[in-house]
Amino acid sequence: MIVLSEATAQTEPSASASDIKLMTEAAKLLGCKVYYIPQNFERCGTAENALWHVPQFAQETAGIWVGYIPEFQRYVAIYQAALAKGIKLLNTPLEHQTALEFDLFYPKLRGLTPDSVVITSTNECIEASELLEFPVFVKGAIQSQKIQGWDSCVANNLEELLRLTEDLLKFKAGSRGRVIVRKLVKLRHQRLAPNGFPMGREFRCFIYHQQLLKYGYYWDGQDDLKQLTKLEENQVLNLAILASQRLQVPYVAIDIGQLETGEWIVIETADAQFAGLSQIPALELWSKLKDIC
Ligand SMILES: Nc1ncnc2c1ncn2[C@@H]1O[C@H](COP(=O)(O)OP(=O)(O)O)[C@@H](O)[C@H]1O
Ligand SMILES: [Mg+2]
């Protein structure tokens, strides 16, 4: 298996940078061939140049990209340049986009995840608020603004929904022009993040072709809610597998959360190539990946 890694020593420290580094090191330890690629096309200009040092493979070989969530066009360009070298990334561009962009995966996951409405302008806020009652959870098609706290994700009235919609449309990397208004659910939790965000009882599951590779508690740190009973573990993993069957994306990360009622729901999905590790040890995930691919 070939790894295209964006790990570099010069990156600002962040959770993503640290996970990318850990996964790259794990891949190397396990004997995968790692080729480093730049994080953007600023200096190299094209995807072909980004991969100039990667040899041509005579036999098509599976490839995994370990990096930051790319713009869609960047994914397409790297995917094609890698394919020209005989490396096939685990997800095609459409599969990548389906796992990552809310409005593409939501229709497939209806009923497993809170009801949601996709809007593209503030003009649609009234209609969205008529379909879902306040308070609502508001995020972009790719990401929420959870780093800025609960108030940046929850609207209690139309005025707040308009403001959050405006903010999210400006946050282009997180919304790509689409804002998601969701039924606000009560997630079971014991801890609040330093910014006041409730740290729901959530688990990230890495799945390859509808088979679980590894799962782990979503948030960092010690949490009494991290431990699952055997029954709960089955419920979490069955839901994650069901979601992956509906999605039909080969390599996917699925976040499952528990409501205060005890019921489990899908929070979101992602292209696992760009998903953080949560509490999963990199070496354990990558040894599973290596066995399977
Ligand atoms: N509908 C919702 N109601 C209540 N809390 C939610 C809802 N959706 C997500 N959350 C909480 O907000 C967090 C961030 O939302 P998420 O959709 O995962 O966005 P991001 O892509 O930024 O991680 C989740 O981990 C969960 O704790
Ligand atoms: Mg999330």
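Residues numbered from 1 in each chain as written. Chains lettered and ligands numbered in written order. Predicted model: local features only at pLDDT ≥ 70, side-chain atom pairs only at ≥ 80, totals over all residues. Heavy atoms only, no water.

**Q** Describe the sheet that holds strand β2 (residues 33-36), listing the residues and the values that go with them.
**A** The four strands are arranged β2-β1-β3-β4 in an open sheet whose pairing can be described as parallel. This sheet does not close on itself; its edge strands, each paired only once, are β2 and β4 (87-89). Across the sheet, the mean angle from the axis of one strand to that of its neighbour is 35 degrees, orientation sign disregarded. Pairing of strand β1 (residues 2-5) with β2, which is carried by four bridges, proceeds in the parallel orientation. (Pairing = 2+ DSSP bridges. Helix = DSSP H or I, 4+ residues; strand = E, 2+ residues; numbered from the N terminus. Axes fitted to C-alpha atoms, helices over the stretch in contact; angles between N-to-C directions.)

**Q** Quick one: what's the story with the side chain of Lys 139, residue by residue and with numbers?
**A** For Lys 139, the location among the structural elements is in strand β6 (residues 136-140). The class for Lys 139 is buried, based on a relative accessible area of 6%. A polar contact is formed between the side chain of Lys 139 and the side chain of Glu 268, at a distance of 3.0 Å. With sequence-adjacent residues up to four places away left out, Lys 139 is seen in contact with Ser 144, Leu 168, Arg 178, Val 179, Ile 180, Arg 182 and Glu 268. (Buried < 20%, exposed > 50% of the residue type's maximum accessible area, 1.4 Å probe, protein only. Polar contact = N/O pair within 3.5 Å; in protein donor to acceptor, adjacent residues only side chain to side chain. Contact = heavy atoms within 4.5 Å.)

**Q** Break down the pairing of strand β14 (residues 264-271) for me, with residues and values.
**A** Among the eight residues of β14, eight are classified as buried, and the element is accordingly described as predominantly covered. Inspection of the sheet shows strand β13 (residues 251-258) paired to β14 by seven bridges, in the antiparallel sense. Residue pairing in the sheet places Ile 254 in a bridge with Thr 269 of β14. Remark: five residues form the turn of the hairpin made by β13 and β14, two consecutive strands paired antiparallel; Gly 262 in that turn has positive phi of roughly 105 degrees.

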